[in-house]
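Topology and contacts: notes
In case you want the letters, here they are:
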There are 2 protein chains.
Amino acid sequence: MSDTMKPVDPQVMQRIVLARRPQGFPVAQDFRLEETGMPRPAAGEVLVQATYMSLDPYMRGRMDYVKSYTAPQELNHTMGAGGVGRVITSRDPKFSKDDLVFGMFGWASHGCLPGRQLRKLDPALPPSTALGVLGMPGFTAWAGLEVHGRMKPGETLVVAAATGPVGSMVGQLAKQAGLRVVGVAGGPEKCAMAVDTFGFDACIDHRAHNSVLDMMEALHRECPDGVDIYFENVGGHVLGGVLPVMNTHGRIIICGMIAWYSGESCETGDMALQKLWRIALVKRLTVQGLLQTDHVGRFGEFLTKVAPPVTSGEIAYLEDIAEGLENAPEAFFAMLKGGNKGKQIVRIA
Amino acid sequence: MSDTMKPVDPQVMQRIVLARRPQGFPVAQDFRLEETGMPRPAAGEVLVQATYMSLDPYMRGRMDYVKSYTAPQELNHTMGAGGVGRVITSRDPKFSKDDLVFGMFGWASHGCLPGRQLRKLDPALPPSTALGVLGMPGFTAWAGLEVHGRMKPGETLVVAAATGPVGSMVGQLAKQAGLRVVGVAGGPEKCAMAVDTFGFDACIDHRAHNSVLDMMEALHRECPDGVDIYFENVGGHVLGGVLPVMNTHGRIIICGMIAWYSGESCETGDMALQKLWRIALVKRLTVQGLLQTDHVGRFGEFLTKVAPPVTSGEIAYLEDIAEGLENAPEAFFAMLKGGNKGKQIVRIA
């Protein structure tokens, strides 16, 4: 142990709260690291030592005070997040000490939740997979394609944030279903990874094609038969470029729009609502908002189908692991800027 | 016969061609009335005296040279349009002289088409209904709700152009299915008609609520439980107002956008694509482009279900009939400006 590290007090836990609402892109001063007393589980509750926590783009949306699919993040409360950990004390008979569990522990070293809000993990799988490839992002990809994709072999799918945990799963599931899969990612390294690690047919660098027109031309080139499914993770000029390339009866599944979460200007050339409306009408597109919680009843089916190919390596995944709860804000900023390659995780203990 | 009228030459037919592509809103000089020789039906063809022709908003879209779901209207060719008429000469054994038929005769006094492109009409029904309530507009309404509506009793539907042939059918079918139905129409007369003639629960005057915010407030008032289905016929500020009022899992069926057909400015306040995308994601909307030709295999089912209530008067319809082929352009301009109350038809003979 280096002498700059304090010994951990077993009666104290760490957490990070939202200190103020970010103005545009979030900064360190929007957060505050606190120490508080260790919670004591009431009857039915379980105290968990968090080992990994998840960082996800949706968290930026919750920091604004707007009506959304979840309540906004409350000021001076622990930042919400999914995490995995090990049971310290259980007052729910369904859990025992040292069980591996998933729960919404937040940006915190420990969590104390009712047992019914926890999910026991298969100890044969690496616990961090419960935050990415076999967790919410992987399930989002699977449910989006399963419920709204109407995939047919020979069709073409485009997905942005191609090496991220949603995009990489979307692409691999679509490849398995016999589609041509074209990714969009930031920078040559990620694009190579989409092809080499995740088996995409091609990947377009949105930094090298940073206007609507450039993006459209690149998509035309890589999607000679047009685009049947666009899995939307980013918004911005990628959306602008893909719309004119959509095929009749195409499907756009809106899963996120990271480019727009912090109120950046909308770089879509002249392609406004009017143009989208015309394209949607003329091409009879289906544009569908997706939220994985609507389909949570199928999570077991997802695990049954997707855990085996993940275990066998048939479905690949990447994780970026930041070290230490105190580094969560910086890792979050980097993720919003596209600095991560795979699923962004923070190791807590 | 007044002496200003020329006797009709039985060997001559009249037609109106597109003389040039309109710049913005179309004007009389964009069209030309011509006389040509009467066509002679070849084997398998049928010569028809047109009695009524249909005017529809989609015709404006076809006048621009853009890729759309139909080929653009060709210059110096007869303007396309559906019509009904009476068989003069048949060289198809399935048709006889004096049969009433529907076909794409265009803006013309006569049509000569292969018999397989004609549909024989039930002589018990007024022939003009084949252009509106029991024709393409009525079928558009029925197919849109049937295929994409997912209507549930107690839900709320909003439809613009409420007294038009699509909107009035949408509203009446939704009322029959047990929904609250709120129309949007231009002016107090049409709004009263939506409620009194078509049985809507309420109708909002978009001229009296001519900004996004005003429209949104009026919709909030008339749709206290929010909007589950928006049947989109108009675009413009009505769309801007309805989006924030949409309920989770709402459906938007895009059937037209007359407000935008002639390139008018997009009066949607600050509500651009980015805002739509966020609303569609947060509320998990389904936005669906609708074209009735995709569902044409169900036209028979539509007639079987909808002709009886039309005959009985249970489903009401309105027709605006302009007199004479030569007045088709003026009637068309008026329709684009919302001057008609019901289905716009031109009586030709």
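Quantities reported herein were computed from a predicted structural model and do not represent experimental measurements.

What about the packing of aromatic side chains?
Inspection of every chain in the model, using the stated rule, returns 18 aromatic pairs over all chains. On the numbers, 5.9 Å between centres and 45° between planes, the contact of B:F31 with B:F333 is tilted. Separated by 302 residues along the polypeptide, B:F31 in strand β2 (residues 31–37) and B:F333 in helix α9 (residues 328–336) bring together distant segments of the chain. Comparing B:F31 with B:F333 shows no difference in burial state: the two are buried. Among the aromatic side chains, those forming a connected cluster through ring pairs are A:F25, A:F31, A:W107, A:F332 and A:F333. Lying over the aromatic face of A:F95, A:K120 brings its terminal NZ or CZ to 5.4 Å of the ring centre.

Observations regarding the domain arrangement of chain A
All names here are of chain A. What the domain assignment reports for chain A is domain 1 (12–132 + 317–347) and domain 2 (136–292). Here the C-alpha centre of domain 2 lies 29 Å away from the C-alpha centre of domain 1. In this assembly, 22 residues from domain 1 lie in contact with 16 residues from domain 2. Here domain 1 meets domain 2 over a buried area of about 1400 Å², counting both sides, of which 63% is carbon and sulfur. The interface formed by domain 1 and domain 2 holds one salt bridge in total.

Quick notes on helix α3 (residues 165–176) of chain B
Residue and element names in this part refer to chain B. With 12 residues, α3 extends 17 Å from end C-alpha to end C-alpha; this agrees with the ideal 16 Å at 1.5 Å per step. Extensive coverage of α3 is indicated by the burial of nine of its 12 residues. Of the residues making up α3, those classed as buried are V166, G167, S168, M169, V170, G171, Q172, L173 and A174. Within two residues after α3, G178 carries a phi angle of roughly 90°, on the positive side.

Regarding the state of the cysteines
In a disulfide, the sulfur atoms of two cysteines are covalently bonded to one another. Evaluation of the coordinates by the stated rule reveals zero disulfides over all chains. Of all cysteine sulfurs, the one in A:C203 lies closest to A:C191, which takes part in no disulfide; the gap is 3.5 Å.

Focus on the sheet that holds strand β8 (residues 156–160) of chain B
Whenever strands of a sheet pair, they do so through backbone hydrogen bonds, lying parallel or antiparallel. Spatially, β10(A)-β9(A)-β8(A)-β11(A)-β12(A)-β13(A)-β13(B)-β12(B)-β11(B)-β8(B)-β9(B)-β10(B) is the arrangement adopted by the 12 strands of the open sheet, whose pairing is mixed. Strands with a single pairing partner mark the edges of an open sheet, and in this sheet they are β10 (202–205) of chain A together with β10 (202–205) of chain B. Adjacent strand axes in the sheet meet at a mean angle of 15°, parallel and antiparallel pairs treated alike. Inspection of the sheet shows β8(B) paired to strand β9 (residues 180–185) of chain B by five bridges, in the parallel sense. By the bridge assignment, B:A160 is partnered in β9(B) with B:V184. Across the sheet, helix α4 (residues 188–196) of chain A touches β9 (180–185) and β10 of chain A, and the angle it forms with β10(A) is around 165°.

Calculation criteria
Residues numbered from 1 in each chain as written. Chains lettered and ligands numbered in written order. Predicted model: local features only at pLDDT ≥ 70, side-chain atom pairs only at ≥ 80, totals over all residues. Heavy atoms only, no water. Phe/Tyr/Trp six-rings, centres within 6.5 Å; stacked < 30°, edge-to-face > 60°. Helix = DSSP H or I, 4+ residues; strand = E, 2+ residues; numbered from the N terminus. Buried < 20%, exposed > 50% of the residue type's maximum accessible area, 1.4 Å probe, protein only. Lys NZ or Arg CZ within 6 Å of the ring centre and 35° of its normal. Domains from an automatic or database assignment. Contact = heavy atoms within 4.5 Å. Buried area = accessible area lost by both parts, 1.4 Å probe. Salt bridge = Lys/Arg side-chain N within 4 Å of Asp/Glu carboxyl O. Expected span 1.5 Å × (residues − 1). Disulfide = S-S within 2.5 Å. Pairing = 2+ DSSP bridges. Axes fitted to C-alpha atoms, helices over the stretch in contact; angles between N-to-C directions.

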